[in-house]
Amino acid sequence: MRLVLLGPPGAGKGTHAQVLSKEFGVAHVSTGDMLREALKAATPLGLKAKATMEKGLLVPDDVVIALVRERLSGPDAKKGFILDGFPRTPEQARSLDATLRDLDMPLSLVLYFKTSLPVIIRRLSGRRVCGACGKNYHLLNFKPKAEGICDACGGKLVQRPDDREETIENRLKVYEAETTPLIDYYQKLKLLTQVSGDLEVRELNRDLLDVFRRKGLLGPGVKDPQRA
Ligand code: AP5
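None of these values were measured; they are calculated from a predicted model.

About the criteria used
Residue indices follow the written sequence of each chain, beginning from 1 at its first position. At least 70 in pLDDT is required for a residue's local features to be given in this predicted model, at least 80 for side-chain atom pairs to be given and counted, and no such filter applies to totals for whole chains, interfaces and linings, which use all residues. As a rule here, side-chain values come from all non-hydrogen atoms in the structure, and water together with hydrogens is ignored. What we call a nonpolar core is a set of buried Ala, Val, Leu, Ile, Met, Phe, Trp, Tyr and Cys residues that are connected through their side-chain atoms within 4.5 Å. Working definition: with a 1.4 Å probe on protein chains only, accessible area under 20% of the residue-type maximum means buried, over 50% means exposed, and in between means partly exposed. In this text, helices come from DSSP runs of H or I with a minimum length of four residues, and strands from runs of E with a minimum of two, each type numbered from the N-terminal end. By definition in these notes, contact holds between two residues if any of their heavy atoms fall within 4.5 Å. Paired strands, in this sense, are two strands between which DSSP finds at least two bridges. Helix axes are fitted only over the stretch in contact, all axes being lines through C-alpha atoms; the angle between N-to-C directions runs from 0 to 180 degrees. Between Lys or Arg on one side and Asp or Glu on the other, a salt bridge is scored when a side-chain nitrogen of the former is within 4 Å of a carboxyl oxygen of the latter. Near residues are defined by distance, with any heavy atom within 4 Å of the molecule or strand qualifying the residue. Between N or O atoms, a polar contact is any pair within 3.5 Å; within protein, one atom must be a potential hydrogen donor and the other a potential acceptor, and residues adjacent in sequence are included only when both atoms are from side chains. Only the protein chains shown count as covering a residue, and every accessible area follows the Shrake-Rupley method with a 1.4 Å probe.

### Thoughts on the nonpolar core
Core analysis: the largest hydrophobic core is formed by 32 residues, its most contacted members being Leu-72, Phe-81, Leu-83, Leu-96, Leu-107, Val-110 and Tyr-186. Top element by residues in this core is helix α4 (residues 61–72). It accounts for 6 residues. Residues contacting Phe-81, with those up to four places away along its chain left out, are Met-1, Arg-2, Leu-3, Val-26, Ala-27, Val-29, Leu-72, Leu-100, Met-105 and Leu-107. Val-26, Leu-109, Val-211 and Phe-212 belong to the second-largest nonpolar core, a separate cluster that totals 20 residues.

Pasting the structure below:
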């Protein structure tokens, strides 16, 4: 299974990529997480990306393309992968095509999480993440057991700097201008399937499994988690 999750900020790409990668034993490749890890480790890449990310703008294509190429060439991507937050520009999409051609690993499917504006705003403004391990929560939907504390590691929950109101607006503008052309791009390649990002996690997960069944992606190599 080799997937791209496409959709606006807050559509649930990260949430579902995490669930699906566990269910199917494939790599979760999130450029946002990779950049945040680089930032936390204060690597030259992280320090360079910091201001761009905090403004809600895109990190240069060549930087993320190199990150993804290296990750997809690694051993864990051989079993399959879920790309979350990449590609985000036509240039990134073309380069992904070339990388996957070189690696002889064609995409199975691109899932477009079509999501309405009020849902996006609610999700992003209520999101909290663990400052230590990065686990995601939501003030209304996914509350931790103890307020402000991560269930997994006891770390303190914080708001992502780019989830502030003024930055959310920027991210949405960038998404419209840079990323929405990819809907057409993948439609023309007959790889795109649209699902509703507005659905609750369980409902959307059920729809995604239906899509995989319809597309024949739950073959012998990939177990159907509902029947396992
Ligand atoms: P990135 O981290 O990729 O941010 P994003 O694409 O804006 O996506 P989000 O993480 O905000 O949303 P999501 O769709 O993953 O939603 P989530 O599941 O978390 O990128 C950050 C920055 O890095 C970019 O702005 C850019 O600067 C840089 N960058 C990254 N990739 C790049 C690239 N390829 N090129 C250039 N620059 C790049 O859910 C959100 C909240 O809603 C959570 O609280 C969650 O618990 C809740 N939730 C999720 N799904 C549901 C549901 N179905 N029902 C109820 N609640 C839900």
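### Here we look at the sheet that holds strand β3 (residues 81–84)
Spatially, the 5 strands line up as an open sheet ordered β2-β3-β1-β4-β8, and their pairing is parallel. Strand pairing shows two members of the sheet lacking a second neighbour, β2 (27–30) and β8 (192–196), which therefore form its edges. Each adjacent strand pair in this sheet contributes to an overall mean axis angle of 20 degrees, direction not counted. Here 5 bridges tie strand β4 (residues 109–114) to β8, and the two strands are oriented parallel to one another. Bridge pairing in β8 links Lys-114 to Ser-196.

### Re the pattern of salt bridges
It is possible for side chains bearing opposite charge to pair when their charged atoms get close. Counted according to the given criterion, the structure contains 13 salt bridges. Arg-36 is paired through a salt bridge with Asp-33; the nearest N and O atoms lie 2.9 Å apart. Note that Arg-36 and Asp-33 are positioned in helix α2 (residues 31–40) at a spacing of 3 residues, about one turn of the helix. In this structure, the salt-bridge partner of Asp-207 is Arg-206, at a minimum N-O distance of 3.7 Å.

### Observations regarding the site of the ligand
Close contacts around the ligand come from 36 residues, with Thr-15, Leu-57, Arg-127, Arg-171 and Leu-199 the closest. Interatomic distance of 3.1 Å between a backbone N/O atom of Val-59 and a nitrogen atom of the ligand. In the environment of the ligand, an oxygen atom lies 2.8 Å from a nitrogen or oxygen atom belonging to the side chain of Arg-88. Within the complex, the protein chains bury 98% of what would otherwise be the 1000 Å² of accessible surface of the ligand. Those elements giving two or more residues to the shell around the ligand turn out to be α1 (13–24), α2, α6 (117–126) and β6 (136–138).

### Some details on the environment of Val-64
Within the fold, Val-64 resides in helix α4. Among the residues examined, Val-64 registers a relative accessible area of 6% and is labelled buried. Residues Val-64 and Thr-31 lie 33 residues apart in sequence; the distance between their C-alpha atoms is 6.9 Å.

### Some words on unusual backbone geometry
For the bond from Phe-86 to Pro-87, the omega torsion is 0 degrees, close enough to zero to count as cis. In the Ramachandran plot, Ala-42 falls in the positive-phi region, its phi being about 50 degrees despite a non-glycine side chain. Relative to the helices and strands, Ala-42 resides in the loop between α2 and α3 (44–55). Residue Ala-42 is classed as partly exposed on the basis of its relative accessible area of 44%. For Asp-104, which is not a glycine, the phi torsion comes out positive at approximately 55 degrees. Tracing the sequence through the fold places Asp-104 in the loop between α5 (90–103) and β4. We classify Asp-104 as exposed; its relative accessible area is 65%.

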